[in-house]
Amino acid sequence: MNTLNHVAFIMDGNGRWGQKRGKGRNYGHLKGVDTLKKIVKSSIKLKIPILTFFVFSSENWRRPKKEINYLLKLIKIYFIKEIENIKNQGIKLNIFGEIKKLSPDLRKILKKSMLITKKNKSITVNLAINYGSKNEIINAFKKTKKINKKKFEINLDTKNIKYPDILIRTGGHQRLSNFMLWQLAYAELFFLKKLWPDFNSSDLKKIVRKFQKIKRNYGSV
Ligand code: IPE
Ligand code: IPE
Ligand code: MG
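Every chain begins its residue count from 1, and numbering advances along the sequence as written. By the order in which they are written, chains take letters starting at A while ligands take numbers starting at 1. At least 70 in pLDDT is required for a residue's local features to be given in this predicted model, at least 80 for side-chain atom pairs to be given and counted, and no such filter applies to totals for whole chains, interfaces and linings, which use all residues. The basis for every side-chain value is the complete set of heavy atoms in the structure, and neither hydrogens nor water enter the calculation.

**Student:** When you look at the sheet that holds strand 3 (residues 91–96) in this model, what are you seeing that I'm missing?
**Tutor:** The pairing of strands in a sheet comes from backbone hydrogen bonds and takes either a parallel or an antiparallel form. In this description, strands pair whenever DSSP reports at least two bridges between them. Secondary structure elements follow DSSP: runs of H or I of four or more residues count as helices, runs of E of two or more count as strands, with numbering from the N terminus. Taken in spatial order, the six strands of this open sheet run 3-4-2-1-5-6, and their pairing is parallel. One side of each edge strand has no neighbouring strand; the edge strands of this open sheet are strand 3 and strand 6 (188–191). Strand-to-strand twist across the sheet, computed as the mean angle between neighbouring axes with direction ignored, equals 20 degrees. Only the contacting stretch of a helix is used when fitting its axis, a line to C-alpha atoms as for every element, and angles between N-to-C directions run 0 to 180 degrees.

Pasting the structure below:
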């Protein structure tokens, strides 16, 4: 049976979920936060050590201003409202992405959340905010003096974190949208038609069971 260290999520389909209910795209984003919280909770029960969620991509700035503002507000509210809960559940928070482009108050909240959860041990949750894999790779190249795989990899946002074993993308599209291109080299990919707000822990369990039985070759036989 394969050991599972890390599951990464492209939480796609929020906008369509809200629109389908006649309540607008932002309503879908709001519901998407509930799914994230539930998935973290059940991952702790399943003893998955690391999760990464794609929250906001470096390309999502192309969206209408109203939606961008709502998303950033939602992130801020999540951290303010949930931080006690996050701390008590033993969640260690980590942020991937270029946070220097975010507003100073949001940056402050993100940094504080990382600091107060630094010593937590039940699970590591990475949130990719203003994250784009190509930028991450270019920045890592710039930071690495003498390039070799090991020296380069510690300059990626993942630093010493084990790479995803599983990638789950909801929402029906089978693409990576500039997410963890380097780190997903040997991940098992799962694409679901379900929209993110409808994703649940039984979907996750099914995927984990399937994953455990996969023969992972890494080029060997
Ligand atoms: C993903 O859902 C969430 C973010 C990008 C923040 P979308 O907003 O892309 O939802 P769809 O794909 O338009 O339905
Ligand atoms: C990927 O979803 C980004 C996040 C989930 C944060 P998108 O909806 O932005 O991806 P594309 O544009 O359809 O590829
Ligand atoms: Mg989308």
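**Student:** What exactly am I supposed to notice about the site of ligand 2 here?
**Tutor:** For this description, a residue counts as near a given molecule or strand if any of its non-hydrogen atoms is within 4 Å of it. Around ligand 2 lies a shell formed by Ile 10, Met 11, Asp 12, Phe 54, Val 55, Phe 56, Asn 60, Arg 63, Arg 169, Arg 175 and Ser 177. Polar contacts, as used here, are pairs of N or O atoms within 3.5 Å; protein pairs need one atom able to donate a hydrogen and one able to accept it. Residues neighboring in sequence count only if both atoms are side-chain atoms. Contact distances for ligand 2 include 2.6 Å between an oxygen atom and a side-chain N or O atom of Arg 175. Ser 177 places a polar side-chain atom, nitrogen or oxygen, 2.6 Å from an oxygen atom of ligand 2. Here the Shrake-Rupley method, with its probe set to 1.4 Å, supplies the accessible areas, and only the displayed protein chains count as covering residues. Summarising the interface, the protein chains cover 78% of the accessible area of ligand 2, which totals 390 Å² for the free molecule. A per-class count over the shell around ligand 2 returns five nonpolar, two polar and four charged. The residue classification treats Ala, Val, Leu, Ile, Met, Phe, Trp, Tyr, Cys and Pro as nonpolar and Asp, Glu, Lys and Arg as charged. All others, Gly included, are polar.

**Student:** Looking at this structure, how should I read the environment of Gly 171?
**Tutor:** Tracing the backbone shows Gly 171 in the loop between strand 5 (166–169) and strand 6. Note: C-alpha distance between Gly 171 and Phe 191 (20 residues apart in sequence) is 8.0 Å.

**Student:** Sorry, what's going on with the site of ligand 1 here?
**Tutor:** Neighbouring ligand 1 are 13 residues; Met 11, Asp 12, Arg 16, Arg 25 and Arg 63 lie closest to it. Between ligand 1 and Asp 12 there is a distance of 2.7 Å, counted from an oxygen atom to a side-chain nitrogen or oxygen. A distance of 3.2 Å separates an oxygen atom of ligand 1 from a polar backbone atom of Asn 14. In isolation ligand 1 exposes 380 Å². Once the protein is present, 87% of that is buried. Of all the secondary-structure elements, those providing two or more residues to the shell around ligand 1 are helix 1 (14–20), helix 2 (25–45) and helix 3 (65–88).

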